[in-house]
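# Descriptive analysis of the structure
Given next are the chains, with one letter for each unit.
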There are 2 protein chains.
Amino acid sequence: MKSYAQPIKRLIAELAKLPGIGEKTAARLANYILRATTDDVEKLAESLVEVKRKIRLCRVCLNPSEEDICHICANPARDRQVICVVEEPDALAAIEESGVFAGTYHVLHGALAPLDGIGPENLRLGELQKRVEDGGVEELILATNPNVHGEATALLIMRMFKDRPLRITRIAMGVPMGGDLKYVDKMTISKSLEFRRGM
Amino acid sequence: MKSYAQPIKRLIAELAKLPGIGEKTAARLANYILRATTDDVEKLAESLVEVKRKIRLCRVCLNPSEEDICHICANPARDRQVICVVEEPDALAAIEESGVFAGTYHVLHGALAPLDGIGPENLRLGELQKRVEDGGVEELILATNPNVHGEATALLIMRMFKDRPLRITRIAMGVPMGGDLKYVDKMTISKSLEFRRGM
C-alpha cells in the first residue's frame, strides 16, 4: 500500500470495506478506476449515493423499493395468502428470476447467528408476526438459506407460529439440477433422500 | 434483476462494469450498500471521484501520483541507473512491498495482447525509449508478468534496446516460496530449472 498516492490509498481502503473484497482486489479495482473515464466513475459514484437516497424498505414485505409499497406487494395479481420468507433481497431476486412463484415475500434482513451476535431481535420478525396476526395468510414458505443459520431461523419461525392455523413449509434441499451425484456432498445427498417424493 | 427497484438495478449495472465483478457479485455488493450507512457510502463515492480528480501519471515513470513527479522518482536515494519495467501500478506496489528494490520504475500501462488489439503503440514505450536515450540508465529489469503477454512484452523491449550499451535482465521465474513442488505446474518447474543458479 505504501507506494500508492494518498487518494488511491483512501479509495483502496474504502473499497476493501465491501464484503468479499480484500486489499488485493480493492487495489485491482482502484487501478481500474484510475484508467476508467471520469464520466464512468462519476456515474458509479452517483448510482451509489442515489441508491441510499431513493431506496427505502417496502412497508409490507421489507424488500428495498423506491415506493412505499414495493411493486410485488402492490401487484393485485400476487397471492397475499402465501408469504415466502427469505433472509435477504438477493434471495427474493433469485426466486423472482425463476418465475414460478406468484405469492408475496417477507425479507428478514438476516439470519440467526448467535456467535456473530445476531439474535431474533435483529431479524424483522415483528413485522412478519403482525402480517400473520392481521389475517389472510394461509402459508408461510420458509426459504431461508440451506445452512446452519438459515435452518435455525426456519426452526425459530416454525416455533413462533406453530399454534396458528397456518401451513408452514420449507423449500426442498437436494441435488442441484445439472449436477452429477458423484460431486455432491454427503449432506446434500442425505437431504435429497429426506425430501424425496413419489413419482 | 427484474425484481429490483430501478436505482438498485442501475447500481448493479454500474458495479458489474468493474473487472472481475459479475452480476451476482454486483447484486451482493448493492445489497451491502443498501444496508451500509449513508455516511459510509458517501465516503466511498467521494473517494472514487477524488481519485479521478487528484491523480495524474508521474512525468518520469508514469506511476499514478498526486504530484507531477511521484514520490519514488522524487526520492534522491533511489537509483536512477536501474529502471524496473512493470505492466501496471499494482505490480510496482507489489515490488515496493517487498522492500528490496532501491531503483526506479517505468509503468507500461499494459502488455502486448494482439488478440485483444493491444500492440506496442498502446504501451508507454516511447517514454521508456526517451528515458534511455536521455542517458544515465545502466540496467532495465523487465518485471512484466510471467505469462504469454508479459513474456512477449519483455521480448519486445529487449529487442528495442539490444543495440545499446545497456544491461537488460528478466525477473526470475520459479517455484513460489512456501509452495510444495508436487503442486507446482510443469511450466513453473521448467522455469525454475532454467533460472537455476549456483549456490
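Above this note sits the structure.
Analysis parameters
Residues numbered from 1 in each chain as written. Chains lettered and ligands numbered in written order. Predicted model: local features only at pLDDT ≥ 70, side-chain atom pairs only at ≥ 80, totals over all residues. Heavy atoms only, no water. Least-squares fit on C-alpha atoms with pLDDT ≥ 70 in both. Contact = heavy atoms within 4.5 Å. Buried < 20%, exposed > 50% of the residue type's maximum accessible area, 1.4 Å probe, protein only. Helix = DSSP H or I, 4+ residues; strand = E, 2+ residues; numbered from the N terminus. Core = buried A, V, L, I, M, F, W, Y, C linked by side-chain atoms within 4.5 Å. Pairing = 2+ DSSP bridges. Axes fitted to C-alpha atoms, helices over the stretch in contact; angles between N-to-C directions. Right-handed = clockwise from strand over helix to strand, strands pointing away. Salt bridge = Lys/Arg side-chain N within 4 Å of Asp/Glu carboxyl O.

### Concerning the relation of the copies chain A and chain B
Two chain copies here: they are related by a rotation about an axis and a translation along the same axis. For these two chains of identical sequence, chain A goes onto chain B by a turn of 180° and a shift of 0.0 Å along the axis, with RMSD 0.0 Å. In symmetry terms, the pair is related by a two-fold rotation axis. In terms of C-alpha distance to the rotation axis, chain A has A45 of chain A as its closest residue, with the C-alpha 2.2 Å off the axis. The fraction of interface residues of chain A whose copies in chain B are also interface residues reaches 100%, indicating that both copies meet through the same surface.

### Let's talk about helix α4 (residues 89-98) of chain B
Listing the buried residues of α4 of chain B in full gives P89, A91, L92, A93 and E96 of chain B. Against α2 (23-35) of chain A together with β2 (64-65), β3 (79-86) and β4 (103-107) of chain B lie the buried residues of α4 of chain B. Count one or two residues on from α4 of chain B and you reach G99 of chain B, which has phi positive near 75°.

### Digging into the nonpolar core
In this structure, I8 and L48 of chain A together with I8 and L48 of chain B are the most contacted members of the largest nonpolar core, which totals 44 residues. Among the secondary structure elements, those contributing two or more residues to this core are α1 (6-15), α2 and α3 (38-54) of chain A together with α1 (6-15), α2 (23-35) and α3 (38-54) of chain B. Discounting chain neighbours no more than four positions away, the residues touching L48 of chain B are L11, I33, V41, L44, A45 and L48 of chain A.

### Overview of the sheet that holds β3 of chain B
Residues and elements named next belong to chain B. Pairing is parallel in the open sheet, where four strands are placed in the order β4-β3-β5-β6. Every other strand in the sheet has two partners, leaving β4 and β6 (167-170) as the edge strands with one partner each. Strand after strand, the sheet turns through a mean of 25° between neighbouring axes, direction not considered. Across four bridges, β3 lies against strand β5 (residues 139-142) in parallel orientation.

### Re unusual backbone geometry
Most peptide bonds adopt trans geometry, and most residues besides glycine take a negative phi value. Residue and element names in this part refer to chain B. Positive phi outside glycine occurs at L62, with the angle close to 70°. Note on L62: relative accessible area 5%, which makes it buried. Even without a glycine there, the phi angle at H109 is positive, about 60°. Note on placement: H109 falls in the loop between β4 and α5 (125-133).

### Thoughts on the pairing of β6 of chain B
Residues and elements named next belong to chain B. Where β5 lies against β6, four bridges are found, and the strand directions are parallel. Looking at the pairing, I141 lines up with T169 of β6. Taken together, β5, helix α6 (residues 148-160) and β6 constitute a β-α-β crossover, and its handedness is right-handed.

### What about the pattern of salt bridges?
Residues and elements named next belong to chain A. Evaluation of the coordinates by the stated rule reveals 24 salt bridges over all chains. Here D134 makes a salt bridge to K130, at a shortest N to O gap of 3.0 Å. D134 gets classed as exposed once you look at its relative accessible area, which sits at 54%. Between R164 and E133 there is a salt bridge, with its nearest N and O atoms 3.6 Å apart. Placement of the pair is R164 in the loop between α6 (148-160) and β6 (167-170) and E133 in helix α5 (residues 125-133), with a sequence separation of 31 residues. Given the relative accessible area of 32%, R164 is considered partly exposed.

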